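Remarks on the overall topology
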Amino acid sequence: MAVDLGAHLASVRDQLRVVPTPRRVRAARGGTPVLDSTGVLVVWEPRRVVAQYAVPESDMLVPLVPTVLPPPPVDLPPVLLPSHPFGWHLSPGQALAVRVDGETFDAAFRPDDPDLGGRVVVDWAPFDWTEEDQSVTGHPHDPFHRIDTVRSDRHVVVRVGDTVLADSRRPVALLETSLPLRWYLPREDVATEHLVPSDSRTVCAYKGWATYHSLPPELGGVADVAWSYDEPLRDASEVPGFLCFDDSKVTVES
């Protein structure tokens, strides 16, 4: 019987999952080194869809102090996103505080699982990270995550009600593991007069920083219906400045 790999990976989400990485990983806070390791595991704690790095405690360059955190809520969602607190741990282990230049962060966790060899999982958010000598942002790179951009001649039309927001026959399809197909459209094919800039910004470890656009009040005032990567990272280098529309907020036909 064939195995649906996507369904299989989702079926083990409640478990602690690990995979080694050959990358040299470093973290710092305000220029102060926090860790430097080539013995890294990529770790997904139970229910987490985004990984963290776990490093040997001997590769930590600042003190770790045992601490006690409140237990996670009993009504946790089935999937924990990066926005959910790092301190929600669903596997046995020891919470640790990280001390850097007089500041203390509840930013580390030592799982009891012997397969981690005593490694410490470190929260991404408080620190600046590099993989080898390259700065990275958002979260660790997932070795099972892939992005492809493919030029297409499909006819993509974006509407809200009777108003056409975009009409393109030269879109770029962006295919990202576990996420829906997204169409990125040249700005020349978008009726940008129907969009207003938003203050929202998000970061993707693979694509970079996204800026957003909303609909004006006369078209429903819908927030953040489109986004673009104006200075994209390598994985999105084919779509600099292209606009992508949220198909849960507007109609995207292709």
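Please refer to the structure higher up on the page.
Everything in this summary refers to the structure shown in the same document.

What counts as what
- Residues numbered from 1 in each chain as written.
- Predicted model: local features only at pLDDT ≥ 70, side-chain atom pairs only at ≥ 80, totals over all residues.
- Heavy atoms only, no water.
- Pairing = 2+ DSSP bridges.
- Helix = DSSP H or I, 4+ residues; strand = E, 2+ residues; numbered from the N terminus.
- Axes fitted to C-alpha atoms, helices over the stretch in contact; angles between N-to-C directions.
- Buried < 20%, exposed > 50% of the residue type's maximum accessible area, 1.4 Å probe, protein only.
- Contact = heavy atoms within 4.5 Å.
- Core = buried A, V, L, I, M, F, W, Y, C linked by side-chain atoms within 4.5 Å.

Looking at the sheet that holds strand β16 (residues 182-185)
The antiparallel open sheet is built from seven strands, whose spatial order is β12-β15-β16-β20-β19-β18-β17. Either end of the sheet is taken by a strand with one partner, and the two such strands are β12 (147-151) and β17 (196-204). When the angles between neighbouring strand axes are averaged without regard to direction, this sheet yields 30°. Two elements, strand β15 (residues 172-176) and β16, share three bridges in a ladder whose sense is antiparallel. Pairing of L174 across the sheet is with R182, part of β16.

Observations concerning the side chain of H89
Looking at the secondary structure, you find H89 in the loop between β6 (64-66) and β7 (93-100). For H89, a relative accessible area of 12% puts it in the buried group. With near-sequence residues (within four places) excluded, H89 lies in contact with E45, P72 and F109.

Concerning the sheet that holds strand β2 (residues 25-29)
Taken in spatial order, the four strands make up an open sheet running β3-β2-β10-β11, and their pairing is antiparallel. At either margin of the open sheet sits one strand with a lone partner, and together these are β3 (32-37) and β11 (134-136). Direction aside, the axes of adjacent strands within the sheet are offset by 25° on average. Relative to β3, β2 runs antiparallel, the two being bridged by five bridges. By the bridge assignment for β3, A28 is matched with P33.

Overview of the nonpolar core
Among the nonpolar cores identified, the biggest contains 26 residues, and V34, L35, M60, V98, F127 and W129 are the most heavily contacted of them. Of all the secondary structure elements, the ones that give two or more residues to this core are β2, β3, β4 (41-44), β5 (52-55), β7, β8 (103-111) and β9 (120-122). Not counting residues within four places of it along the chain, the set of residues in contact with L35 comprises V25, R26, A27, V55, D59, M60, L61, V122 and W129. Formed by 17 residues, the second largest nonpolar core is a distinct cluster that contains V156, L185, L195 and V250.

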